[in-house]
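Coordinates in review
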Amino acid sequence: MLNILLITTRGENLRAFVEGISEDPQVRLEQAAAAAQALERVRTAAPHLVIVDSTTEGLDWLEVVRRIIGVNAMANTAVVSSLSDADFHDRGEGLGILCRLPPAPGAEDAKSLLEKLRGLTGAV
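Quick look at the structure, then.

**Thoughts on the sheet that holds strand E4 (residues 76-80)**
- Strand order in the open sheet formed by five strands is E2-E1-E3-E4-E5, with parallel pairing between adjacent strands. Since the sheet does not close on itself, it has two edges, and those belong to strand E2 (27-32) and strand E5 (99-101), each with one partner. Averaged over all pairs of adjacent strands, the angle between their axes in this sheet comes to 25 degrees, without regard to strand direction.
- Bridge analysis of E4 against E5 gives three bridges, and the strand direction is parallel. Bridging from a neighbouring strand, valine 80 pairs with leucine 101 of E5.
- Those strands touched by helix H1 (residues 15-22) are strand E1 (2-7), E2, strand E3 (49-53) and E5, and its axis lies near 145 degrees from that of E2.

Quick look at the structure:
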């Protein structure tokens, strides 16, 4: 079972993405609206993946990813971002971020992300 945590306040805008992840019976998805709440879950539940929605108001995605790694260096991360792949790579270099997701990810993005995560973790 893969445990995934999504940090966002845009649940309605990410509905297709959330549904795409949630329809997989081997995935348990939790959501957090704030970084502090998410960091506590990273501390206590050690999710396989934390998805940070950089469009969440008041959220500095780089700082959140750094703090996640500080709490659990084994935590995988992905970021919803409007940056180009090149700009995203430049800003996030060295943080070990699994991938960048588009600002409005859909079901296909969810499927692709789960494939990458399973390839990385060896989970079924």
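**Description of the packing of H1 against helix H5 (residues 107-121)**
- The contact between H1 and H5 brings their axes to 7 Å, and the two run at 40 degrees. When the interaxial angle is binned, H1 and H5 end up oblique. Crossing of H1 against H5: the hand is right-handed. The residues of H5 that touch H1, namely those facing Ala16, Phe17, Gly20 and Ile21, are Ala107, Asp109, Ala110, Leu113 and Leu114.

**A closer look at the nonpolar core**
- Judged by nonpolar contacts, the single largest core of 20 residues is most densely connected at Ile7, Val52, Trp61 and Ile68.
- Among the elements of the structure, E1, helix H2 (35-45), E3 and helix H3 (61-71) are those that each provide at least two residues to this core.
- Tallying contributions element by element places H3 first for this core, with five residues.
- Core analysis: the second largest hydrophobic core is formed by 19 residues, Leu6, Val18, Leu101 and Leu114 among them.

**Section: the side chain of aspartate 53**
- Looking at where aspartate 53 falls in the secondary structure, it is placed in strand E3.
- The contact partners of aspartate 53, leaving out residues within four places of it in the chain, are Ile7, Thr8, Arg10, Leu14, Leu59 and Val80.

**Thoughts on the environment of isoleucine 51**
- Positionally, isoleucine 51 belongs in strand E3.
- Residues isoleucine 51 and alanine 32, 19 residues apart in the sequence, show an inter-C-alpha distance of 10 Å.
- Aside from chain neighbours lying at most four places away, what touches isoleucine 51 is Ile4, Leu5, Leu6, Ile7, Phe17, Ile21, Ala78, Val80, Leu101 and Leu113.

How each quantity is defined
- Residues numbered from 1 in each chain as written.
- Predicted model: local features only at pLDDT ≥ 70, side-chain atom pairs only at ≥ 80, totals over all residues.
- Heavy atoms only, no water.
- Pairing = 2+ DSSP bridges.
- Helix = DSSP H or I, 4+ residues; strand = E, 2+ residues; numbered from the N terminus.
- Axes fitted to C-alpha atoms, helices over the stretch in contact; angles between N-to-C directions.
- Contact = heavy atoms within 4.5 Å.
- Parallel < 35°, antiparallel > 145°, perpendicular 65-115°, else oblique.
- Left-handed = near helix turned anticlockwise from the far one by under 90°.
- Core = buried A, V, L, I, M, F, W, Y, C linked by side-chain atoms within 4.5 Å.
- Buried < 20%, exposed > 50% of the residue type's maximum accessible area, 1.4 Å probe, protein only.

Note that every value here comes from positions in space, so none of it alone points to a role or purpose.
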